[in-house]
Structure formats: structure tokens, C-alpha cells
Amino acid sequence: MDTLIAQLQRQFRDYTISLYHQGFLDDQFTELKKLQDECSPDFVAEVVTLFFEDCEKLISNMARALDQTGNVDFKLVGSSVHQLKGSSSSVGAKRVKGLCITLKECCDTQNYEGCVRCLQQVDIEYKTLKAKLQDLFNLEQQIVQAGGRIPQVDI
Amino acid sequence: MAEVLRPEMLDISNDTSSLASPELLHVLAVDDSMVDRKFIERLLRVSSCKVTVVDSATRALQYLGLDGENSSVGFEDLKINLIMTDYSMPGMTGYELLKKIKESSAFREIPVVIMSSENILPRIDRCLEEGAEDFLLKPVKLADVKRLRDSLMKAEERAFKNIMHKRELEANDIYSQLKRAKI
């Protein structure tokens, strides 16, 4: 019979793998995990927190710019999405990054409708990722609290 | 009878290495993205580097004392072994920062690495032509930093060995002269 720790560890492993397979995360997230150790045990959580703050700020900037109907500053939207693409790439947020690429294209062609639609998707996507990573971190905490070690997951 | 000066007794100064401290590279990292700053700082610390991170090229120049506000007085002791800068930054770009560093007599020898999320060949060429040590595509990997560090340490080691060898030759030369003079 499985101990609680073993069950939690299996859950953690399965959930992690699913996040990669469903395209939420890519290799870069693995690179982030490599940088976490006893000296910096919350590194990944800290970086993704900064990332989600970035998302909120940049999406809000872009929404405001797109709100100026008839006088949309596409350059501003373009530079904001470039920044967001950069940070999503740095944390391994694969889907968010993909949507940023699409949004950049809409911006470059000054496709207003496309920009609005895409920005909405970016907003939904980052919030989805945020919730999923929160679940993952919760699982980690449960394992540690139960006295177990967080397994290394090879993708 | 006068003591013969042997080469081993000549004082060979310890300050032949420009490393911040033995085995520790001091890196100045420049990036306007908070996420990337946190990331590169950790990447460098994990790679046993001393790190200073700033959020703009202007601040980097201030740190180096190249912003015209200060003379170079007090900055001679600043030992930076490597500068890593993002390319696209508001205000001054990484490319412009690279040029300013290469124009400065105090810092032009410091290797400058440019980081960019965009793989644009003319951009890469321009940076290398201007004297960039390397051009890294973001997101930067642990392996990239390790490679950089190893190549810089090897260059330091070579430079150190060259200096030591030169001093040995000089010392031997003096010793032979003294011997001939039968002191």
C-alpha cells in the first residue's frame, strides 16, 4: 500500500509531466529548477512571481493603449509585447510566449481586432498558468510537510 | 662574504591577477527586465561568480564611473572581469554601452558579452565588430555561462603564466649578471 508521501510524489510527478506535455511549460522551466537548491529553495517561485507581475503590468499597458480607439499607439503595444515575450521565454511559459508571438504579428500589421483578441487570450493564458503553478507549488509543500523529498522529474 | 641573490628570493608580487579574488569572477550584468535580472544573477551565482546587477546602461556607466559625473578616481580598484548586457534596452542600448566601454581606456580590456532574444545576423556581426567577446541568445543557459567562465579563467591563467614566466626570465638574468660580477 502506498504511503502518503509516495502518493503525493506520484501526483507531483504526473502533474509536472502533464504541464510539459500540454505545452504550458518548456525546457527553460527545467533550467530554472536547476538553479534552485538549499541556498535558494524558493528561486523558481520567486522568478515566476516576478513574471506574473510583469504579465499584469504589461497586459494592462497594452489594454490601455488599445483602448485609445482611433489613436492606438501600436509601437507601445509592440514594445510591451516584446518585453512580455522575453520574460515568458526566460521562465519557460511556452503558451504565453506563443501567444505573444501572434500578438506581435497583429501589432506589426496594425491589426486592431487581432490585437484585442490576442491580448484577451494572453490574459487568460497567464492566469491559467499561474493557477497551475500554484497547484504544483502546493503539492511540493504537501510533500515537504509530510516529511518527504520533492522528486526530480525527468521530462 | 656577500649573500648571493637567488632568483627565488626576489619578491614576486601577488597582484599579477586581475581576478576580484582567487577563482572568483566579478560580473556586471545589465538588463531592464526584472525577470531576466533575477535569472542572470542566480545563473552567475550558481556558477561561482560575484555579481552586480543594474537595470540600465546608464546605471552601468555610473557604476563604472564612466558617466562623466565622476572622474576615474576611486574606480581603479573596481575589478570587473566581465560585463554581460542585454541588447534591447530603453534609453541606451547594449550596443551603445559596448561602444562606450570600448572607448574607455580604463575598461576597454574587459570582455563584454551581449545577450539578445533575437537571432538577427547583422546585429550579431555589428556587436562582434565593435569588440564584443560573445553574443548569447536568450534565454541564457547554465552551459553558456560555464563556457564563458571557463574561457575567461583560461585566458587569466595564460596571462598569469606569461607574467610569471617573464619574471622568472628577468630574475634568472639578474642572477647571472650578479654571478658574473662575482658579488
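Nothing here was measured: the structure is a model prediction, and the numbers come from that model.

1. Concerning the overall build of chain A
Then, number 1: In terms of helices and strands, chain A carries six helices and zero strands.
Then, number 2: Its helices and strands in sequence order give chain A the pattern α-α-α-α-α-α, from N to C terminus.
Then, number 3: In terms of principal-axis extent, the alpha carbons of chain A reach across some 65 × 30 × 20 Å.
Then, number 4: Going through the 155 residues of chain A one by one, you find that 44% of them count as buried.
Then, number 5: Considering only contacts within chain A whose residues lie at least 6 apart along the sequence, 66% involve residues at least 24 apart.
Then, number 6: Within the structure as shown, chain A displays about 8,400 Å² of accessible surface, and the carbon and sulfur contribution to it stands at 47%.
Then, number 7: The centroid of the 17 positive side-chain charges in chain A is displaced by 3 Å from the centroid of its 22 negative side-chain charges.

2. Points about the confidence of the model for chain B
Close inspection of predicted coordinates is inappropriate in any region flagged by low pLDDT.
All names here are of chain B.
Then, number 1: In this model, chain B carries an average pLDDT of 86, and 82% of its residues clear a pLDDT of 70 or more.
Then, number 2: Across residues 10-16 the pLDDT falls below 50, and counting only partners more than four positions away or on other chains, this stretch makes eight contacts in the model.
Then, number 3: Interface predicted TM-score (ipTM) for the complex: 0.92; the corresponding pTM is 0.85.

3. Observations regarding the sheet that holds strand β1 (residues 25-30) of chain B
Residues and elements named next belong to chain B.
Then, number 1: An order of β2-β1-β3-β4-β5 is seen for the five strands of this open sheet, with the pairing classed as parallel. One side of each edge strand has no neighbouring strand; the edge strands of this open sheet are β2 (49-54) and β5 (134-137). With strand direction ignored, the average angle separating the axes of adjacent strands in the sheet is 20°.
Then, number 2: Bridge analysis of β1 against strand β3 (residues 82-86) gives four bridges, and the strand direction is parallel.

4. Comments concerning the UniProt feature "modified residue: Phosphohistidine" (unreviewed entry) in chain A
Then, number 1: UniProt's feature table lists "modified residue: Phosphohistidine" (unreviewed entry) at H82 of chain A, given in the numbering used throughout.
Then, number 2: As for its position among the elements, H82 of chain A is in helix α4 (residues 74-91).
Then, number 3: Contacts of H82 of chain A, omitting those with residues within four sequence positions, involve S88, S117 and E118 of chain B.

5. A closer look at helix α2 (residues 57-64) of chain B
All names here are of chain B.
Then, number 1: Turning to α2, its buried residues number three or more, namely A57, A60, L61 and L64. Projected down its long axis, α2 carries its buried residues within an arc of 95°, all on one side.
Then, number 2: Lining the buried residues of α2 we find β1, β2, β3 and α3 (94-103).
Then, number 3: Of the residues one or two after α2, G65 is the one with positive phi, at around 80°.

6. Regarding the UniProt feature "domain: HPt" (unreviewed entry) in chain A
Then, number 1: The positions that UniProt labels "domain: HPt" (unreviewed entry) are, in the present scheme, residues 40-147 of chain A.
Then, number 2: A distance of 19 Å separates the end C-alpha atoms of residues 40-147 of chain A, which is 85% helix and 0% strand.

7. Structural notes on the interface of chain B and chain A
Then, number 1: Counting residues at the interface gives 16 residues for chain B and 19 residues for chain A.
Then, number 2: Together chain B and chain A conceal approximately 1,600 Å² of surface at their shared face, both sides included; 65% is due to carbon and sulfur atoms.
Then, number 3: When residues of chain B are sorted by the area they lose upon contact with chain A, V35, K38 and R42 of chain B head the list and together hold 40% of the total.
Then, number 4: Close ionic contact of K38 of chain B with E46 of chain A constitutes a salt bridge, the shortest N to O distance being 2.8 Å.
Then, number 5: Where chain B meets chain A, there are six residue pairs in polar contact (both at pLDDT 80 or more).
Then, number 6: Among the elements that line the side of chain B that touches chain A, the one with the most residues is helix α1 (residues 34-46) of chain B, at eight residues.
Then, number 7: Here the residues of the side of chain B that touches chain A sort into eight nonpolar, three polar and five charged.

What counts as what
- Residues numbered from 1 in each chain as written.
- Chains lettered and ligands numbered in written order.
- Predicted model: local features only at pLDDT ≥ 70, side-chain atom pairs only at ≥ 80, totals over all residues.
- Heavy atoms only, no water.
- Helix = DSSP H or I, 4+ residues; strand = E, 2+ residues; numbered from the N terminus.
- Buried < 20%, exposed > 50% of the residue type's maximum accessible area, 1.4 Å probe, protein only.
- Contact = heavy atoms within 4.5 Å.
- Areas by Shrake-Rupley, 256 points an atom, 1.4 Å probe, with all protein chains shown as cover.
- Lys, Arg positive; Asp, Glu negative; His and termini not counted.
- Charge placed at Lys NZ, Arg CZ, Asp CG, Glu CD.
- pLDDT = per-residue confidence, 0-100.
- Pairing = 2+ DSSP bridges.
- Axes fitted to C-alpha atoms, helices over the stretch in contact; angles between N-to-C directions.
- UniProt positions renumbered as here; feature names shortened; annotations may be inferred.
- Arc of directions from axis to C-beta.
- Buried area = accessible area lost by both parts, 1.4 Å probe.
- Salt bridge = Lys/Arg side-chain N within 4 Å of Asp/Glu carboxyl O.
- Polar contact = N/O pair within 3.5 Å; in protein donor to acceptor, adjacent residues only side chain to side chain.
- Nonpolar A, V, L, I, M, F, W, Y, C, P; charged D, E, K, R; others polar.

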